[in-house]
2 protein chains.
Amino acid sequence: MTATPDLLRPFRDASPDVGPDGVFGWDRVARMPYKEEGAAPFKAIARQVLFAEPQLGCELRYFEMDAGGHSTLERHEHVHAVMILRGEGTCLLGDRVRPVRPFDLISIPSWTWHQFRASAGMPLGFLCMVNARRDKPQLPDAAALAALRAIPEVAAFLGESVVA
Amino acid sequence: MTATPDLLRPFRDASPDVGPDGVFGWDRVARMPYKEEGAAPFKAIARQVLFAEPQLGCELRYFEMDAGGHSTLERHEHVHAVMILRGEGTCLLGDRVRPVRPFDLISIPSWTWHQFRASAGMPLGFLCMVNARRDKPQLPDAAALAALRAIPEVAAFLGESVVA
């Protein structure tokens, strides 16, 4: 038995697994800002890196946004593998907007615009598996944004947010 | 929008997310045998590969064992990253036995004996993230098994099962 096995628990036994600060998570995993402030548009979202051992070749991250929060609208060459873990919200994927709920699986292909939004009254938490080596996300320019907003359901999803 | 985005839902909205056959899962993901019958000892466990796109470099699998079921007692060079998703059970990791419950995170290091067992009255389901390129698991020989059984809590965990 050479290595020290590790087992991390969420804050509490009872559901919802919410810590003393009102945030769901794992008490031995750092809760980090989603991205560097000012690097890209986002709102009320935190990031926990659950697994990132180099041998895995990939990482499993947990993102949680507060009610009304959202991730960055972006695309990139690398793919994402997402499982919704708690709460409810909506997901833009390509030119489609769909509600999401716990245990939904979402494959985000290369170069597909995507964004997650928590419902107005509920947080949204999801796992995201990603290759450890990946390219930097691209934000929409004015033309890309106009093309997205030309789709009525996407325009409704984006609302008033300034995303580029 | 070149690719077809994909979103899979578990069988039902309501918790627990159990299908008409009484098994939790995703209805567009094949439910496969855990391993080839006779290849290694295991009991009452099914496997679903949730994500395995080559670009990811890794796979996310969901394993669920019925009440009283168990995975194979094994070890290997590759590492596993596990999140318990539902039910309850017990996990052997190295020389330690610990109860596990939803949202527990378990890092299984290289060459560490490990096995999951569902409680007598509850299923146990967990996610397992793994590198797409990995070595074949090793089963304990008589000496390794004797060394494990010399630890009282491990002997109690293994019970009467024939594991080598």
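Shown above is the structure to which this text applies.
What comes next is a walk through the structure. The structure displayed is predicted, hence computed values, not measured ones.

Quick notes on helix H1 (residues 142-149) of chain A
Residue and element names in this part refer to chain A.
Then comes step 1: When H1 is considered as a whole, its buried residues turn out to be Ala144, Leu145 and Leu148. For H1, the angular spread of the buried residues around the axis is 100°, confining them to a single face. Structural note: H1 exposes Ala142 and Ala143 on the side pointing more than 90 degrees away from its buried face.
Then comes step 2: On the buried face of H1, the contacting elements are helix H2 (152-158).

Here we look at the pattern of salt bridges
Residue and element names in this part refer to chain A.
Then comes step 1: Considering all chains together, one arrives at 4 salt bridges over all chains under this definition.
Then comes step 2: With a shortest N-O distance of 3.4 Å, Arg134 and Glu59 are connected by a salt bridge. With a gap of 75 residues between them, Arg134 in the loop between strand E10 (124-131) and H1 and Glu59 in strand E4 (residues 58-70) connect regions that are remote in the sequence.
Then comes step 3: You can call Glu59 buried: its relative accessible area is 17%.

Considering the packing of aromatic side chains
Residue and element names in this part refer to chain A.
Then comes step 1: A complete count under the given rule lists 4 aromatic pairs over all chains for this structure.
Then comes step 2: On the basis of an interplanar angle of 35° and a centroid distance of 5.5 Å, the ring pair of Phe63 and Phe126 is categorised as tilted. Separated by 63 residues along the polypeptide, Phe63 in strand E4 and Phe126 in strand E10 bring together distant segments of the chain. Summarising the burial analysis for this pair, Phe63 and Phe126 share the class buried.
Then comes step 3: By the ring-pair criterion, three or more aromatic residues cluster together here, those being Phe63, Phe116 and Phe126.

Remarks on the nonpolar core
Inside soluble globular proteins, nonpolar side chains tend to come together where they are buried.
Then comes step 1: Trp26, Leu50 and Met83 of chain A together with Trp26 and Leu50 of chain B are the most contacted members of the largest nonpolar core, which totals 34 residues.
Then comes step 2: Within the residue set of this core, elements represented by two or more residues are strand E3 (43-51), E4, strand E5 (80-87) and E10 of chain A together with strand E3 (43-51), strand E4 (58-70), strand E5 (80-87) and strand E10 (124-131) of chain B.

Remarks on the state of the cysteines
Then comes step 1: Taken as a whole, this structure holds 1 disulfide over all chains when the rule is applied.
Then comes step 2: The disulfide partner of Cys58 of chain A is Cys58 of chain B, and the gap between their sulfur atoms is 2.5 Å. Sign of the S-S torsion, about 130° for the bond between Cys58 of chain A and Cys58 of chain B, identifies this disulfide as right-handed. Taken as a pair, Cys58 of chain A in strand E4 and Cys58 of chain B in strand E4 lie in two separate chains rather than in one.
Then comes step 3: Among the residues examined, Cys58 of chain A registers a relative accessible area of 1% and is labelled buried.
Then comes step 4: For the unlinked cysteine Cys128 of chain A, the closest cysteine sulfur is that of Cys58 of chain B, found at 10 Å.
Then comes step 5: Cys91 of chain B carries a free sulfur, and the closest cysteine sulfur to it, the one in Cys128 of chain B, is 11 Å from it.
Then comes step 6: The class for Cys91 of chain B is buried, based on a relative accessible area of 2%.

Concerning helix H1 (residues 142-149) of chain B
Then comes step 1: Next to the buried residues of H1 of chain B lie helix H2 (152-158) of chain B.
Then comes step 2: Capping of H1 of chain B at its N-terminal end is provided by Asp141 of chain B; its side-chain oxygen lies 3.2 Å from the backbone amide nitrogen of Ala143 of chain B.

Quick word on the environment of Thr112 of chain A
All names here are of chain A.
Then comes step 1: Locating Thr112 in the fold gives a position in the loop between strand E8 (105-108) and strand E9 (114-118).
Then comes step 2: Thr112 sits 60 residues away from Ala52 along the chain, and the two C-alpha atoms are 24 Å apart.
Then comes step 3: Apart from residues no more than four positions distant in its own chain, Thr112 is found in contact with Glu74, Arg75, Leu93 and Gly94.
Then comes step 4: At 3.2 Å, the side chain of Thr112 and the backbone oxygen of Pro109 are in polar contact.

What to know about the pairing of E9 of chain A
Residue and element names in this part refer to chain A.
Then comes step 1: The element E9 is largely enclosed, with a buried count of 5 among its 5 residues.
Then comes step 2: In E9, alternate side chains face the same way, and those of His114, Phe116 and Ala118 on one face and Gln115 and Arg117 on the other are all buried.
Then comes step 3: Bridging between strand E6 (residues 89-93) and E9 involves 5 bridges; their strand directions are antiparallel. When the sheet's bridge partners are listed, Thr90 is paired in E9 with Arg117.

Side note on unusual backbone geometry
Residue and element names in this part refer to chain A.
Then comes step 1: Positive phi, normally seen in glycine, also occurs at Ala44, with a value near 55°.
Then comes step 2: Within the secondary structure, Ala44 sits in strand E3.
Then comes step 3: What makes Ala44 partly exposed here is its relative accessible area of 34%.
Then comes step 4: With a phi angle near 80°, Phe103 is a residue other than glycine that sits in the positive phi range.
Then comes step 5: Counting through the fold element by element, Phe103 comes out in the loop between strand E7 (96-100) and E8.
Then comes step 6: The exposure class assigned to Phe103 is buried, which follows from its relative accessible area of 13%.

With respect to the environment of Glu153 of chain B
All names here are of chain B.
Then comes step 1: If you trace the backbone, Glu153 turns up in helix H2.
Then comes step 2: In the structure, Glu153 is positioned 55 residues away from Arg98 in sequence and 9.7 Å away in space, judged by C-alpha atoms.
Then comes step 3: Discounting chain neighbours no more than four positions away, the residues touching Glu153 are Asp95, Arg96 and Val97.

Analysis parameters
Residues numbered from 1 in each chain as written. Chains lettered and ligands numbered in written order. Predicted model: local features only at pLDDT ≥ 70, side-chain atom pairs only at ≥ 80, totals over all residues. Heavy atoms only, no water. Buried < 20%, exposed > 50% of the residue type's maximum accessible area, 1.4 Å probe, protein only. Helix = DSSP H or I, 4+ residues; strand = E, 2+ residues; numbered from the N terminus. Arc of directions from axis to C-beta. Contact = heavy atoms within 4.5 Å. Salt bridge = Lys/Arg side-chain N within 4 Å of Asp/Glu carboxyl O. Phe/Tyr/Trp six-rings, centres within 6.5 Å; stacked < 30°, edge-to-face > 60°. Core = buried A, V, L, I, M, F, W, Y, C linked by side-chain atoms within 4.5 Å. Disulfide = S-S within 2.5 Å. Polar contact = N/O pair within 3.5 Å; in protein donor to acceptor, adjacent residues only side chain to side chain. Pairing = 2+ DSSP bridges.

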